[in-house]
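Structure assessment
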Amino acid sequence: MIKIDVRGFACPIPVVKTQKAMKENPGRELLIICETVVSKENVSRLAENKGYKITEEKDGQDYRLHLKPQDKI
Amino acid sequence: MRNLRIFMIVAGFVVGVLAALMTIFGNPANMGVCVACFYRDITGALGFHRAEVVQYLRPEIMGIALGAFISALLFRDYRVRGGSNSLIRFFLGMFFMIGALVFLGCPVRAILRLAGGDLNGITGLLGVVVGAVIGIYFLKRGFNLGRATSSKKAVGLLMPLMMLGLLLFAIGNPRFIFSSTQGPGSMYAALGLSLVVGLIIGVLAQRTRMCFVGGWRDLFLVKDTYLFSGIAACFVGALIVNLVAGSVKVGFVDQPVAHTMHLWNFLGMFLAGLTATLLGGCPLRQTILASEGDTDAGITILGLIAGAAVSHNFLLASSAKGIGVFSATAVIIGIIFTCSIGFFMSEEA
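The following refers to the structure shown. (Residues numbered from 1 in each chain as written. Chains lettered and ligands numbered in written order. Predicted model: local features only at pLDDT ≥ 70, side-chain atom pairs only at ≥ 80, totals over all residues. Heavy atoms only, no water.)

**Let's talk about the side chain of Thr300(B)**
Residue and element names in this part refer to chain B. Formally: The way it works is that DSSP assigns letters per residue, a run of H or I at least four long becomes a helix, a run of E at least two long becomes a strand, and they are numbered from the N terminus. Here a polar contact is recorded for every N or O atom pair within 3.5 Å, except that within protein the pair must consist of a potential hydrogen donor and a potential acceptor, and residues adjacent in sequence are included only if both atoms are side-chain atoms. The contact criterion used is simple: two residues touch if any of their non-hydrogen atoms lie within 4.5 Å.
You can see Thr 300 is positioned in helix α13 (residues 295-313). Of note is the side chain of Thr 300, whose polar atom sits 2.9 Å from the backbone oxygen of Asp 296. Discounting residues that sit within four places of it in the chain, Thr 300 has contacts with Arg 89, Gly 93, Leu 279 and Gln 286.

Here it is in structure tokens:
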């Protein structure tokens, strides 16, 4: 699993970094760690559009988004 | 996600309708709500520039900020953070304003101008789009201004308190506040109405994350139409009100608070679109973020105010007659500065 920590980055950097990770690691699961609701929403919308299944968990102040490519489900 | 999109479309429509209605209630034509112009008017009211025709404490801005603050508290979006290259953000905010005041409007007003039939809005929007596309190039190359870190909750109150102070000045009208007696600054809706409209826009923009540059950026960056749907709905809302009111006048010439120097309309808004893309949002979005506790966005707003002061004090701003004496020089310097930031603040640099 590829782990991307986008905590502290303002919009749209979390989306840009997630998109880059998706392109560089096709078919692989990604774990995105973010801290704002906006980042969580934006990354989730990107993942949904790109056909990833999203599992979300709260970890203290942070959000951990598990993005699983649909063909792996 | 579908519900969110519907909410965004409704919110964008409401913002467009309210903005167009505000021109009927007294705000300047095609300028029912213009975030850049209104910060410029506030800057003048505070005496930071002395352009006598654009001085008024626009309550819409304070309403937007305070509405977003209340909304952020209610919906637990209030989170204090900052320290992501604030000084660069200040200068990007300043150059945003310089570009916007060469066009005579921010990306919100570009939509409202088009909805009023002002075809110069197309030139301006083209500038915003090309600016966003160049911004995307930098983003994909690894541009970012670094991580922000959390701070004490009280620090996030500074911008809402500043806005509250400005509102009290607007209500009390102390002697040191300047007020235009002619020109766009003398045209305004009733204070209470302006404030309420601002509050509504602030809540809607906070909940939806509405952004008039982000919408264009996301179309090209991630092929996502969520933010853009708000822009499109705003245009439709304003257009409908303008059509009903009979205030649509299609053409380039003799449009309200506008000029027809196409190259500079384009380049001014190119600079605005590029700076806003690197900043992560238009002035409306920056106002909302500042109210949510983002102190970097607060610095950006101070940059916008400095930009308005510089624009009018140094003859950079346009007027209905055309661009200012030093507009072209300032826009070119702004483009060089912003592109340099785009290159050098990259993870690849």
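**Quick notes on the sheet that holds strand β2 (residues 30-34) of chain A**
Residue and element names in this part refer to chain A. Selection criterion: Pairing between two strands is assigned when DSSP locates at least 2 bridges connecting them. Throughout, an axis means a line fitted to C-alpha atoms (over the contacting stretch in the case of helices), and angles, computed between N-to-C directions, take values from 0 to 180 degrees.
Overall, mixed pairing links the 4 strands, which are arranged β1-β2-β4-β3 in an open sheet. At either margin of the open sheet sits one strand with a lone partner, and together these are β1 (2-5) and β3 (52-59). Across this sheet, the average inter-strand angle for adjacent strands is 20 degrees, counted without regard to direction. Note: β1 against β2, 4 bridges, orientation parallel. By the bridge assignment for β2, Ile 4 is matched with Ile 32. Contacts from helix α1 (residues 13-24) reach β1, β2, β3 and β4 (62-69), with the element oriented near 170 degrees to β2. Helix α2 (residues 37-49) contacts β2, β3 and β4 of the sheet and is inclined by roughly 5 degrees relative to β4.

**Some words on the packing of helix α2 (residues 35-45) of chain B against α13(B)**
Residues and elements named next belong to chain B. The cut-off we apply is this: Any angle that falls under 35 degrees is termed roughly parallel, while one over 145 is termed roughly antiparallel, one within 65 to 115 roughly perpendicular, and all others oblique. Charged residues are taken to be Asp, Glu, Lys and Arg, nonpolar residues to be Ala, Val, Leu, Ile, Met, Phe, Trp, Tyr, Cys and Pro, and polar residues to be all remaining types, Gly included.
In contact at an axis separation of 9 Å, α2 and α13 are set at 70 degrees when each is read in the N-to-C sense. It follows that α2 is roughly perpendicular to α13 by the angle criterion. Here Tyr 39, Arg 40 and Thr 43 of α2 lie close against α13, whose contacting residues are Ile 301, Leu 304, Ile 305, Ala 308, Ala 309 and His 312. In terms of residue class, the contact of α2 with α13 is made up of 6 nonpolar, 2 polar and 1 charged.

**Topic: the environment of Thr329(B)**
Looking at the element boundaries, Thr329(B) is found in helix α14 (residues 327-344). On a C-alpha basis, the gap between Thr329(B) and Arg209(B) in space is 34 Å, while along the polypeptide they are 120 residues apart.

**Description of the nonpolar core**
Operational definition: Here, nonpolar core means buried Ala, Val, Leu, Ile, Met, Phe, Trp, Tyr and Cys residues that are tied together by side-chain atoms lying within 4.5 Å of each other. Relative accessibility under 20% of the residue-type maximum defines a buried residue, over 50% an exposed one, and the middle range a partly exposed one, all with a 1.4 Å probe and only protein chains included.
Counting residues in hydrophobic clusters, the biggest one holds 76 residues, and the most contacted among them are Tyr39(B), Met62(B), Phe212(B) and Leu284(B). With 8 residues, helix α1 (residues 2-24) of chain B is the single largest residue contributor to this core. Beyond its immediate stretch of four places on either side in the chain, Tyr39(B) contacts Ile61(B), Met97(B), Met163(B), Thr287(B), Ile301(B), Leu304(B) and Ile305(B). Among the nonpolar cores identified, the runner-up in size contains 47 residues, and Val16(A), Val43(A), Leu65(A) and Leu139(B) belong to it.

**So, the pattern of salt bridges**
Note the following rule: The salt bridge definition used is simple: a Lys or Arg side-chain nitrogen within 4 Å of an Asp or Glu carboxyl oxygen.
Tallied over the full model, the rule gives 18 salt bridges over all chains. Here Asp41(B) ties to Arg40(B) by a salt bridge, and the two come within 2.8 Å at their closest N and O atoms. Across the pair, exposure class does not vary: Asp41(B) and Arg40(B) are buried alike. Residues participating in the shared-partner salt-bridge network are Asp5(A), Arg7(A), Asp62(A) and Arg147(B).

**Side note on unusual backbone geometry**
The residue after Cys11(A), namely Pro12(A), is reached through a cis peptide bond having omega 0 degrees. Even without being glycine, Lys223(B) reaches a positive phi, approximately 50 degrees. Mapped onto the fold, Lys223(B) is located in the loop between α9 (214-221) and α10 (226-245). Not every positive phi belongs to a glycine, and Asp254(B) is a case in point at roughly 55 degrees. Residue class for Asp254(B) comes out exposed when judged on its relative accessible area of 64%.

**Quick look at a nonpolar patch on the surface**
Residues and elements named next belong to chain B. Rules: Like charges within 9 Å and nonpolar side chains (Val, Leu, Ile, Met, Phe, Trp, Tyr) within 5 Å are joined into patches, using only residues over 30% in relative accessible area that form no salt bridge. All accessibility values rest on the Shrake-Rupley procedure with a 1.4 Å probe; residue burial counts only the protein chains present in the view.
A cluster of nonpolar side chains, Leu 157, Leu 161, Leu 164, Leu 168 and Ile 171, forms an exposed patch at the surface whose accessible area comes to about 460 Å². Tracing the backbone shows Leu 161 in helix α7 (residues 158-172). What makes Leu 161 exposed here is its relative accessible area of 51%.

**Quick look at the interface of chain B and chain A**
With 21 residues of chain B at the interface, the matching set in chain A holds 26 residues. Connecting chain B to chain A are 5 salt bridges. Arg209(B) is the salt-bridge partner of Glu41(A), the closest N and O atoms lying 3.1 Å from each other. Inspection of the region where chain B meets chain A yields 10 residue pairs in polar contact (both at pLDDT 80 or more). Mapped by element, the contributors of at least two residues to the side of chain B that touches chain A are α6 (120-140) and α9 of chain B. Here the element with the most residues in the side of chain B that touches chain A is α9(B); it accounts for 3 residues. Of the residues contributing to the side of chain B that touches chain A, the split by class is 7 nonpolar, 3 polar and 11 charged.

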